[in-house]
Each structure stands twice: as structure tokens, then as C-alpha cells.
Amino acid sequence: MIRIDCPWCGVRDEVEFTYRGDATVVRPGEGASEEAFHDFVYKRANPRGWHVEWWYHGAGCRQFLKVVRHTMTHEVRAVARATEMPEVPAE
Amino acid sequence: MRYSGLRLFAEALRGNTGWKPAWRDPPPKRSYDVIIIGGGGHGLATAYYLAKEHGITNVAVLEKGPIGLGNTGRNTTIVRSNYMLPQNHFFYEKALSLWEGLEQDLNYNAMVSQRGVINLFHAEGTRNAAVRRGNAMRLDGIDADLLDKEQVRALCPLIDVDNGRFPVLGGLMQRRGGTARHDAVAWGFARAADQRGVDIIQHCEVTGIDVEGGRVTGVQTTRGPIKANKIGLAVAGNTSRLAQMAGIDVPIESHVLQAFVSEGVKPLVDQVITFGAGHFYISQSDKGGLVFGGGLDGWNTYAQRGNLPVVDHVWSAGIAMMPSLSRLRGLRQWGGVMDMSFDGSPIIGKTPIDGLYMTAGWCYGGFKATPGSGWCHAWTIANDAPHKLNEAYRLDRFRTGHLLDERGNGPYPWMQ
């Protein structure tokens, strides 16, 4: 069971959350190239290691969170508010 | 050595002393015409069809561990072609027709069993969707039958067709669908490819792909560098990492899918049956264990293990469909890492790097596609162009907008 330390609600089980994918992609501005929009929608690093991702706390505070989680160990290292960028470990 | 009933009889009399290893264990040569990375079903099938259909036998299959221990050994062994989109019809129907002749072709018992696949529906909306899909299949010459509630009850009395919350209105059945023995598929393709001269090199992990001037020239491995002008990737779950070694990003995320086996019981479930109100599908192995699975855990992972919420969901859905399952004990549970593509459909074709090809993005559907994937991948490598059957599965469809979103989920890999 993945447990996420929500900055608003405290430590909660993953069943309260909905996964919403890679949180490092940024929507390009208006007038950006087709290439930029392709990358925004389809290009993902899909790392084997630390991954910054969106989790929506639907059964709690209903806030979007940024979670730093390892894709081999599933360890959650940091949880941040949507407007912050949590620190990502190098290894 | 050819396998036959006579051979089995003769060996039984001789104390089974005459059996030879089913494939060689050669050291890697310095160069090959084609290198296939990944010794699972898809990679071995690609090598086999390269040798058989195209006469290309100077081929190596590189596998980081022993063959067939990745997703080939981690699935629920279902074969079927009951899709809705025409592009998927033609491809999966090719795969199913290859399954139908596979054992004679490979001279290996892959235990292909066309026991039928039934998709249950529990509401009028899902019935309409099943009817539409069944009609789409029949228009392209694929068998599909609509079953009513009583027909479902007659085929599988254990299904709770009168369930108060999810009453079964009927099911869509593909009678030619069924199961196969997953390990035997890997072993059969390995043996048949080896007999045609393919080198199967186990415990040889690829650590780099050499690209010069936009062309592949070889690979770096834990057993030294190997040269080749054509390289095929068949590394489901790890396609992103291998593609990144060649400097390209693919529209794929890696996710885990769990599967389960119960203790062995007498024959209970004669078909493959899928629940329509939750993610659950079940069949029974020849050893008697009920084999079943569900949906993704839902977050990116490369670990071949899942988490308890999905275990709970799968068993709950199973018990809702077939209440007597609650009396069974689970025996084993495991996870496999999927290449989840952004439209739920696979990628077989060329890449922006000359000489680099891939069969990838198989989502839930990799096992049933095994022979078709190998056949199309081999064609694409041999001709440096996609076959008509896999033209729609091209990598650049995500740029051109020609997506194959069978379920209409949008570009969210964890929801496919």
C-alpha cells in the first residue's frame, strides 16, 4: 500500500487518491508549435527511478498534489502542494 | 529432433535418456544481420518468422535473463480477436489464425485451446456496445455470437446471472478465442528459431545502442559489443529505456498489471469469462487452478509487483460475478510490467533511427498478439517497411493524429 503524506490531511492510503500522471510536463503557451503540443501530450521520460507525479486527493481535501515516488521501490520521498516543485533526489 | 507420439513412446521405453536440450546456448558472435533485443514471445517469434518467412537466419535474440520470464510468463494466457476497430480486426485475426496452426508449424505443443471467450454485459448500454462490436467483428469475417442470460447460465452455471446489483443480461462470445500455454509458446518459438539457425543468447543485457549518423550500427551488452545494421526491440515494459539508449522518446508509460491463480479444483469454468461491471477475467488452467486478472494498479512502475487495493478489487469483482469463488484460496499472485501506450493500441514499425524497429506498447494485449506481432515485426525488419497489417500501428501516428483509441479514453496511459 502506498501511503501519501498529504500536506492538508496528513498520511493517507493510496485508495483515497487518483493518479494523474507525470507532473513535470508543462502545457505550452498559445501559439506554441505543433511539436511542443505533441511533446506535451505524448512525450514522457517514463523513468526507472524517481518520478514526479500528480495525485488528486478525491476522498480527502480534493487538492492536486505533487508526489515524488520511486518507480522500482514505490517509496514516496516527498509530497508538495500543486504550486510547489518538490526536491527530486539525484539517485 | 522432431517431437511426435512415436518419439515419446520410444523415449519412454529407453528411460527418457535420448532427449536433447531444445535449443543451443551459443556465445554471441561479433556481428549479425539482425539483432532482436528481448527473448520473450514477441522477440522469439520475430526471429522465427525472420528465418522462416524471409530466409534471414544470421539473427541473434538477446535476453537479459532466461527466455520467457518477463511478460510471456506473467500473463493470463488468453487469445482472442474480439476488437471493434477494423485495423485491430485484421491484425488480431492474423494473430489468431497463426495460433490456430501454431503447434503444427512449430512442432511443439503450445496447448492452444479454443474454448471460447465470453464478455458479459449487465446493462442496456453495455449490451448495445457489445452488439455493435459483435456486428463490427462479423462484418470483417470474425466470429461473434450474442448470448442471452439463459445461454450464459447454461454455459457457466456458477455465474450469478440474477445478481441484484449486476444482473447478467447476456454476453458476447467469440468461440474461436481461448487460451494457450504461455511458457510453451516461448519454448516452442525458441526451439523452432534455433533449429533454423537463430542464436538465442541468454543472460546478455543490452546496455547501449550504437547510433552513427542516424543509423544503428550495433549494441553494447554485458557480454561485449555486437554489430548489426538492423535491430528490433521486443522489450515490453522497458521500451522507453531501450529507445532512450538510441536517443528517441516513445509515447509509452510503464505500468504493472497483476494476475492470480487459485488452488486447483475440478473443472468449473470451461471458457474465458470477463465481468462487465468491474475489471475481472477468468479461465481455468489444465492443472485446475483458476487463472484471473484485473486492471492496472494505475501508477508508473517498473517493479514486477502490485499492491493490495487492486488485489481487493479483483477478488471483489470475481466474487460478485461468481460468488462461489469466495470459498477458494489464492495460491499465487504476481505482476508484469506493461508498455502502456497513449491510445491503448500497440506500436509495430520503424522508428526515426534507420535500422531500428520495434514491437511495443502492448498494453493488456501482448500475449494474444505474440505470433502476429512477431510475423509483422519480422516483415517490417526484412522489408524496411511495414506490412499492410501493421501499417496503422506506426510510431508516428501520435504526430499525425491517426490514433487507434479502441476504448475512447484519451491520451492517458493508466486509463487504457
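Residues numbered from 1 in each chain as written. Chains lettered and ligands numbered in written order. Predicted model: local features only at pLDDT ≥ 70, side-chain atom pairs only at ≥ 80, totals over all residues.

Looking only at helices and strands, chain B has 11 helices and 19 strands in total. Computed over its C-alpha atoms, the radius of gyration of chain B comes to 21 Å, within 12% of the 22 Å expected for a compact globule of 416 residues. (Helix = DSSP H or I, 4+ residues; strand = E, 2+ residues; numbered from the N terminus. Rg over C-alpha atoms; globule rule 2.2 N^0.38 Å.)

Turning our eyes to something else, we now look at the sheet that holds strand β4 (residues 117-121) of chain B. Residues and elements named next belong to chain B. Taken in spatial order, the eight strands line up as β5-β6-β4-β14-β15-β16-β13-β17 in an open sheet, and their pairing is mixed. Two strands bound the open sheet, and with one partner strand each, they are β5 (145-148) and β17 (330-341). Across the sheet, the mean angle from the axis of one strand to that of its neighbour is 25°, orientation sign disregarded. As judged from the four bridges shared by strand β15 (residues 281-284) and strand β16 (residues 289-300), these two strands associate in the antiparallel manner. Directly across from Tyr 281, in β16, lies its bridge partner Gly 293. Contacting β13 (252-264), β15, β16 and β17, helix α9 (residues 308-321) runs over the sheet at an angle of about 135° to β16. (Pairing = 2+ DSSP bridges. Axes fitted to C-alpha atoms, helices over the stretch in contact; angles between N-to-C directions. Contact = placed C-beta atoms within 7 Å.)

Another aspect to go through is the interface of chain B and chain A. Quite often, the size of an interface is put as the accessible area lost when its parts meet. On the chain A side, the residues contacting the 22 residues of chain B number 18 residues. Listing elements by their share of the side of chain B that touches chain A, those giving two or more residues are α8 (239-245), β13, β16, α9 and α11 (397-400) of chain B.

Residues and elements named next belong to chain A. With respect to the helices and strands, Met 85 occurs in the segment after β6 (76-81). Exposure remark for Met 85: the 13 C-beta atoms within 10 Å place this residue in the partly exposed category. Sequence separation between Met 85 and Thr 24 is 61 residues; the distance between their C-alpha atoms is 9.1 Å. (Buried ≥ 20, exposed ≤ 12 C-beta atoms within 10 Å, placed from the backbone.)

The next thing to look at is the sheet that holds strand β4 (residues 50-56) of chain A. Residues and elements named next belong to chain A. With antiparallel pairing, four strands are arranged side by side in an open sheet as β3-β4-β5-β6. Whereas interior strands pair on both sides, the edge strands pair on one side only; in this sheet they are β3 (18-22) and β6. Averaged over neighbouring strand pairs, the angle between their axes works out to 30° when direction is ignored. Taken together, the five bridges between strand β5 (residues 64-70) and β6 define a ladder with antiparallel strand orientation. Looking at the pairing, Leu 65 lines up with Arg 81 of β6.

Moving on, we come to the nonpolar core. As a rule of thumb, soluble globular proteins bury nonpolar side chains together. With 121 residues, the main nonpolar core has Ile35(B), Ile37(B), Leu44(B), Ala47(B), Val59(B), Phe189(B) and Ala193(B) as its most contacted residues. Summarising the domain contributions, this core has at least three residues from each of domain 1 (30-78 + 182-252 + 343-415) and domain 2 (113-169 + 253-340) of chain B. Once you skip the residues sitting within four places of it in the chain, Phe189(B) turns out to touch Gly41(B), Leu44(B), Ala45(B), Tyr48(B) and Leu106(B). Counting residues in each nonpolar core, the second largest holds 12 residues, with Ile4(A), Tyr19(A), Val68(A) and Trp299(B) among its members. (Core = buried A, V, L, I, M, F, W, Y, C linked by C-beta atoms within 7 Å. Domains from an automatic or database assignment.)

Moving on to the pairing of strand β12 (residues 230-233) of chain B. Taken residue by residue, a regular strand's side chains alternate between the two faces of the sheet. All names here are of chain B. Because side chains alternate across β12, one face comprises the buried residues Lys 230 and Gly 232, and the other comprises Ile 231 and Leu 233, equally buried. Here strand β1 (residues 34-37) pairs with β12 via four bridges, running parallel. Residue pairing in the sheet places Ile 36 in a bridge with Gly 232 of β12. For β12 and strand β19 (residues 356-360), the ladder comprises three bridges, and the chain directions are parallel. Along β19, the bridge assignment pairs Gly 232 with Tyr 357.

A few words now on unusual backbone geometry. Peptide bonds are, in most cases, trans, and in most cases residues other than glycine have a negative phi. Phi angles above zero are rare outside glycine, and Asn46(A) is one such case at about 45°. The residue Asn46(A) is located in the loop between α1 (34-42) and β4 in this model. For Thr77(B), which is not glycine, the phi torsion reads 60° and is therefore positive. With respect to the helices and strands, Thr77(B) occurs in the loop between β2 (59-62) and β3 (78-79).

Moving on, we come to the domain arrangement of chain B. Residues and elements named next belong to chain B. Entries for chain B in the domain assignment read domain 1 (30-78 + 182-252 + 343-415) and domain 2 (113-169 + 253-340). Its C-alpha centre places domain 1 at a distance of 28 Å from the equivalent point of domain 2. Each side of the interface is counted separately: domain 1 has 18 residues, and domain 2 has 22 residues. Considering only residue class, the side of domain 1 that touches domain 2 consists of nine nonpolar, eight polar and one charged. (Nonpolar A, V, L, I, M, F, W, Y, C, P; charged D, E, K, R; others polar.)

Two residues of an α-helix separated by three or four positions point the same way, owing to the 3.6 residues in each turn. Residues and elements named next belong to chain B. Over its 15 residues, helix α3 (residues 86-100) runs 21 Å from end to end, which matches the ideal 21 Å to within 8%, given 1.5 Å per residue. Those residues of α3 not exposed but buried are Asn 88, Phe 90, Phe 91, Tyr 92, Lys 94, Ala 95, Leu 96, Leu 98 and Trp 99. Packed against the buried residues of α3 are β3, α4 (102-106) and α10 (366-383). (Expected span 1.5 Å × (residues − 1).)

What follows deals with the packing of helix α2 (residues 41-54) of chain B against helix α7 (residues 182-195) of chain B. Geometrically, a packed helix pair is captured by the angle between its two axes and the distance between the axes. Residue and element names in this part refer to chain B. Their axes nearest at 9 Å, the elements α2 and α7 cross at an angle of 30°. Taken together, the axis directions place α2 and α7 in an arrangement best described as roughly parallel. Our pair here, α2 against α7, has a crossing hand that is left-handed. Each of Gly 41, Leu 44, Ala 45, Ala 47, Tyr 48 and Ala 51 in α2 lies in contact with α7, whose residues at this interface are Val 185, Ala 186, Phe 189, Ala 190, Ala 192 and Ala 193. Of the residues contributing to the contact of α2 with α7, the split by class is 11 nonpolar, one polar and no charged. (Parallel < 35°, antiparallel > 145°, perpendicular 65-115°, else oblique. Left-handed = near helix turned anticlockwise from the far one by under 90°.)

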